[in-house]
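Spelled out from the first residue to the last, the chains are:
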Amino acid sequence: MNFAVIGHPIDHSLSPIMHNENFKINGEDSTYKAIDIPEEQFHLIKEIVRKESLDGFNVTIPHKERIIPYLDEIDEQSRHLGAVNTVKITNGKWIGHNTDGIGYVKGLKAIYPDLENAYILMIGAGGASKGIANELYPHLNNKLTIANRTLDRFKNWSIDINAISLKEAERSLSEFDIVINTTPIGMKSESELIINLSNLDPDTLVSDIIYTPLKTAFLSKAEENGNTILNGLDMFINQGAESYKIWTGKEPNIKHMKKVVLKYL
Ligand code: NAP
């Protein structure tokens, strides 16, 4: 079977390494490649996918929303999110899914099993945040709090959350059991912080969904404060693992996938 990740730019993606190694260890001769499609060529997607004889593909930045009109079916959660990162092709039909949220929550649950009773603050309200929030929502007894620079972002959110500003998040930081950065702040600079962490309680689990670098300034500061930290690597591995399950119905070798990706980080 043939698979791919489609995005732009895509040359630094670790998805091909991760999936090809998983196929290899499972004794499958499937392939997975990176396909670069710039925005202005996206209308050619059907032809490109046909030419590559793909049985499924991942979609990444900047095409997670752009793919939707090309689908024959879309699962309920992805429709609700308005974003798709996994397409399965069955008898020529394109079916859209989104595995980002479940990917993150699986990793979080592994180190914080009592999610139900946690007070959680998420920072950022973009696509990744919405996916994670929708996945967390049914697990939680307490209302999820989400802080964002632009409060207008919450206009079309259908789940019931506390929407706050970044300043309010800084002030109320000590009230939360889990704090998650879902913004890209911290990817480019080693000192960049989305909010000031001086009010952080050392018992809070601090997480960032970024995995390049593996330890952002957000996580370094928290670690210096004595907090347990969780980066975005497990989210990346788990979203890929969930895509593999959707495409093949089989269980991937998650441990091996993680080991391989870590070699390249
Ligand atoms: P997105 O839809 O563009 O959302 C970006 C969010 O960050 C928005 O809430 C935005 O706030 C906020 N933001 C951006 N620049 C900011 C700034 N200078 N100051 C304050 N807030 C700022 O992006 P996304 O798709 O959700 O991705 C977010 C991050 O998650 C990226 O770093 C991406 O690489 C990472 N990610 C990781 C994984 C993984 O597998 N680990 C998967 C998906 C995404 P406004 O609403 O105010 O603009």
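Keep in mind it's a predicted model, so treat the numbers as computed, not measured.

One pass over the structure, following the stated rule, counts 12 salt bridges. With a shortest N-O distance of 2.9 Å, K33 and E52 are connected by a salt bridge. Linking K33 in strand β2 (residues 31-36) with E52 in the loop between α2 (45-51) and β3 (56-59), this pair joins segments that are 19 residues apart in sequence. In this structure, D160 and K143 form a salt bridge, with 3.4 Å as the shortest nitrogen-oxygen distance. Taken together, the residues span a long stretch of sequence, with D160 in the loop between β8 (145-147) and β9 (162-164) and K143 in the loop between α5 (127-136) and β8 at a distance of 17 residues. Take D160: its relative accessible area is 44%, and that puts it in the partly exposed class. Salt bridges here are not isolated pairs; linked through shared partners, they connect K106, E242 and K245.

Here we come to the UniProt feature "binding site: shikimate" (unreviewed entry) in the chain. Following the UniProt record, one finds the feature "binding site: shikimate" (unreviewed entry) at S13, L14, S15, T60, N85, D100, Y211 and Q239. Within the secondary structure layout, S13 lies in the loop between β1 (2-7) and α1 (15-25). What makes S13 partly exposed here is its relative accessible area of 22%. Judged by its relative accessible area of 11%, D100 falls in the buried class.

Once that is clear, we can look at the site of the ligand. What surrounds the ligand is a group of 21 residues, the closest being A125, A128, N148, T150 and R153. A125 has a polar backbone atom sitting 2.8 Å from an oxygen atom of the ligand. G127 places a polar main-chain atom, nitrogen or oxygen, 2.9 Å from an oxygen atom of the ligand. Coverage of the ligand by the protein chains reaches 77% of its 930 Å² of free accessible surface. Broken down by secondary-structure element, the contributors of at least two residues to the shell around the ligand are α5 and α8 (233-248). Residue composition of the shell around the ligand, by class: 11 nonpolar, 8 polar and 2 charged.

Criteria and cut-off values
Residues numbered from 1 in each chain as written. Predicted model: local features only at pLDDT ≥ 70, side-chain atom pairs only at ≥ 80, totals over all residues. Heavy atoms only, no water. Salt bridge = Lys/Arg side-chain N within 4 Å of Asp/Glu carboxyl O. Helix = DSSP H or I, 4+ residues; strand = E, 2+ residues; numbered from the N terminus. Buried < 20%, exposed > 50% of the residue type's maximum accessible area, 1.4 Å probe, protein only. UniProt positions renumbered as here; feature names shortened; annotations may be inferred. Near = heavy atom within 4 Å. Polar contact = N/O pair within 3.5 Å; in protein donor to acceptor, adjacent residues only side chain to side chain. Areas by Shrake-Rupley, 256 points an atom, 1.4 Å probe, with all protein chains shown as cover. Nonpolar A, V, L, I, M, F, W, Y, C, P; charged D, E, K, R; others polar.

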